[in-house]
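Below, each chain spelled out in residue letters.
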Amino acid sequence: MNEKEQRHSKDVKCLIWDLDDTLWHGTLSENPQVILKPGITEVLESLDHRGILLSIASKNNFDDCWRKLEELRVAHYFLYPQISWNAKSAAVDIIGKKMNIGLDTIAFIDDQPFEREEVGSTHSEIQCIDAGDYLNLLNYPRFNPRFVTEDSARRREMYQQDIRRNEHEQQFSGPKEAFLATLNMVFQISDAGEFDLQRAEELTVRTNQLNATGVTYSFEELHFFSNSDKHDLLVCELTDKYGSYGKIGLALVEKRVDAWQLRMMLMSCRVMSRGVGTVLLAYIMNEARRNGVKLRADFRMTDRNRMMYVTYKFCNFYEISNDGTGNIVFENELLQIPEYPDYIDLRINRNAIWK
Amino acid sequence: MEVREKIRHFITANFIISNEEADVSFEDHENIFSLGFVNSMFAMKLLNYIESEFGFRVDNDDININNFKSVDNMVLLVNKMRGALT
């Protein structure tokens, strides 16, 4: 793989569109009767269904464009549209931050070489695509996630729920925790069932910041673990009054006689601000203590997952081995376990009670 | 502002309060995590704040709840790191 292929190798999470002569034929400011390019709606619909988020970076008047997008019945596909006279490199940066995704998972499509060059030279991680190739987008490997899960098909909707939550949060005044209590959050921990495994694989591939080991297990491996009596594969789902966040966390516990070992632990970045990052970990700590075993955890340090390191350390895990290249094993005597936050309703849905 | 005041100010502005009716005031020696709970987001914010405000990177060995559990202990950590730099 050459350098460029390596740089543009991750699955695309978001495709950012130019409008004039990319999404539609013509220039809106010159011709109010612009029409969508043929087949565009189908392309948008397919990408949306695959869980690829769509956004806009266009140099235009916001209100005029948005009215036109609504009239063309495609406005609902786009999140955080950046329609202004600012540089597109700044627009894509804003979109990445708002979505909380890495620039290396963003692609940008524009008919103008100048704009592609401006974005690409500022952010080499972003793949820039010539608008002339739009009918071919659905065939790009980076636009073909291995599985399309229930959560991926609902991804845009979940982001739209988040936008409503954030508006609600901005209007709220008072302690952060009092706000969280107004969300009526339900945090459910279950054994991963057959249906969860695809989402579980997707989570391992998509999660970086809150991934303890960076290990990405395949569907087949996860299937093995979910049927092994030496392992527990747990998924958690978060729901609140705005709807479900979907399956947002995953843990793989290897159960040995003397100790349990967390082989994988990850939480979706989408729930970071919800104060639920330690709930799954605290649950496993409690179960290990109840079974009279120590808990160990594998950890692989990357430049993105320091928050996970901090989480373990603040939960009283300490390093028992560190090979100096980022591979760490933690251990915990389980003398102190963090409390579950008051503002969540924790529900445990296990197939069998741990012995 | 002194190190102590800066840290106090940051915590007051960002702390998640465990009980709505609880008094938000806290003493410099008090364990702020026993007032609430360990929250990944807050722990990370605290660490990022200390590093960016005082201009050093906290070693992994120093990332533990003891060093961050009270204003007093964070002041000690900052002074120790500053001492190591000079």
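What you are looking at is a predicted structure, and each value in this text was computed from that prediction instead of being measured. (Residues numbered from 1 in each chain as written. Chains lettered and ligands numbered in written order. Predicted model: local features only at pLDDT ≥ 70, side-chain atom pairs only at ≥ 80, totals over all residues.)

K.L.:
Lay out the overall build of chain B in plain terms, naming residues and giving numbers.
P.N.:
Within chain B, the secondary structure is distributed over five helices and zero strands. Across the 86 residues that make up chain B, the buried fraction comes to 22%. Contacts spanning at least 24 positions in sequence make up 56% of the contacts within chain B whose residues lie at least 6 apart. (Helix = DSSP H or I, 4+ residues; strand = E, 2+ residues; numbered from the N terminus. Buried ≥ 20, exposed ≤ 12 C-beta atoms within 10 Å, placed from the backbone. Contact = placed C-beta atoms within 7 Å.)

K.L.:
Tell me about the overall build of chain A, and name the residues and values.
P.N.:
For chain A, the helix and strand inventory stands at twelve helices and 15 strands. Rg of the C-alpha trace for chain A: 22 Å, near the compact-globule value of 20 Å for 355 residues, within the 12% margin. In chain A, which comprises 355 residues, the share counted as buried stands at 41%. Contacts in chain A between residues far apart in sequence, at least 24 positions, make up 68% of those at least 6 positions apart. (Rg over C-alpha atoms; globule rule 2.2 N^0.38 Å.)

K.L.:
Tell me about the domain arrangement of chain A, residues and numbers included.
P.N.:
Once the domains are mapped, chain A shows domain 1 (3-143) and domain 2 (150-349). Between the C-alpha centres of domain 1 of chain A and domain 2 of chain A the distance comes to 32 Å. (Domains from an automatic or database assignment.)

K.L.:
With reference to specific residues and values, describe unusual backbone geometry.
P.N.:
Residues and elements named next belong to chain A. We note that Tyr 80 has phi near 45 degrees; this positive angle belongs to a residue other than glycine. Mapped onto the elements of the fold, Tyr 80 is located in the loop between α3 (62-71) and β5 (82-84). Of note, the phi angle at Asn 316 is positive, near 70 degrees, even though the residue is not glycine. Within the fold, Asn 316 resides in the loop between α12 (306-314) and β13 (318-322).

K.L.:
Talk me through the pairing of strand β7 (residues 127-130) of chain A; I want residue IDs and the actual numbers.
P.N.:
Residue and element names in this part refer to chain A. Relative to β7, strand β6 (residues 106-110) is paired through four bridges, and the arrangement is parallel. Paired with Asp 110 across the strands is Asp 130, a residue of β7. As a crossover connection, the stretch from β6 through helix α5 (residues 113-122) into β7 is right-handed. (Pairing = 2+ DSSP bridges. Right-handed = clockwise from strand over helix to strand, strands pointing away.)

K.L.:
Could you give an account of the sheet that holds β7 of chain A, naming the residues involved and the relevant values?
P.N.:
All names here are of chain A. Overall, parallel pairing links the five strands, which are arranged β5-β4-β1-β6-β7 in an open sheet. Each of the sheet's edge strands pairs with one partner strand only, and the pair in question is β5 and β7. Between one strand and the next, the sheet's axes are offset by a mean angle of 20 degrees, whatever the strand orientation. (Axes fitted to C-alpha atoms, helices over the stretch in contact; angles between N-to-C directions.)

K.L.:
Please set out the sheet that holds strand β9 (residues 231-240) of chain A residue by residue, giving values where relevant.
P.N.:
Residue and element names in this part refer to chain A. Judged by pairing direction, the sheet is mixed, and its eight strands sit side by side in the order β13-β14-β12-β11-β10-β9-β8-β15 without closing on themselves. The open sheet terminates on both sides in strands that have one partner only, identified here as β13 and β15 (344-349). In this sheet, adjacent strand axes meet at a mean angle of 25 degrees when their direction is disregarded. When β13 meets strand β14 (residues 327-332), the two strands line up antiparallel, connected through four bridges.

K.L.:
Quick one: what's the story with the environment of Glu 45 of chain A, residue by residue and with numbers?
P.N.:
By secondary structure assignment, the location of Glu 45 of chain A is in helix α2 (residues 40-49). The sequence separation of Glu 45 of chain A and Tyr 77 of chain A amounts to 32 residues, and the corresponding C-alpha distance is 8.0 Å.

K.L.:
Tell me what's going on with the packing of α12 of chain A against helix α3 (residues 40-54) of chain B, and back it up with residues and numbers.
P.N.:
With their axes 9 Å apart at the nearest point, α12 of chain A and α3 of chain B run at an angle of 105 degrees to one another. The orientation of α12 of chain A with respect to α3 of chain B, classified from their angle, is roughly perpendicular. For the pair formed by α12 of chain A and α3 of chain B, the contact residues are Met 307, Val 310, Thr 311 and Phe 314 of chain A on the first element and Ser 40, Ala 43, Met 44 and Leu 47 of chain B on the second. Considering only residue class, the contact of α12 of chain A with α3 of chain B consists of six nonpolar, two polar and no charged. (Parallel < 35°, antiparallel > 145°, perpendicular 65-115°, else oblique. Nonpolar A, V, L, I, M, F, W, Y, C, P; charged D, E, K, R; others polar.)

K.L.:
Break down the nonpolar core for me, with residues and values.
P.N.:
Residues Ala 251, Met 264, Leu 280, Ile 284 and Ala 297 of chain A are the most contacted members of the largest nonpolar core, which totals 68 residues. Ranked by the residues each element gives to this core, the list is headed by α3 of chain B, at seven residues. For Ile 284 of chain A, the contacting residues outside a window of four places in its chain are Ala 251, Val 253, Leu 262 and Leu 295 of chain A. By size, the runner-up hydrophobic cluster in this structure holds 33 residues, among which are Leu 15, Leu 54, Ile 95 and Ile 126 of chain A. (Core = buried A, V, L, I, M, F, W, Y, C linked by C-beta atoms within 7 Å.)

K.L.:
How would you explain the environment of Ser 321 of chain A if you had to name every residue and give the values?
P.N.:
Mapped onto the elements of the fold, Ser 321 of chain A is located in strand β13. Look past the residues within four positions of Ser 321 of chain A in its chain and what remains in contact with it is Ile 328 and Val 329 of chain A.

K.L.:
Give me the lowdown on helix α7 (residues 155-171) of chain A, citing residues and values where you can.
P.N.:
All names here are of chain A. Between its terminal C-alpha atoms α7 stretches 25 Å, which fits the 24 Å expected from 17 residues at 1.5 Å a residue. Turning to α7, its buried residues are Arg 155, Arg 156 and Asp 162. Viewed along the axis of α7, the buried residues span an arc of 105 degrees, placing them on a single side of the element. Along α7, exposed side chains directed more than 90 degrees from the buried face belong to Arg 164, Glu 167 and Gln 171. If you follow the buried residues of α7, they end up packed against α2, β4 (53-59) and α6 (150-153). (Expected span 1.5 Å × (residues − 1). Arc of directions from axis to C-beta.)

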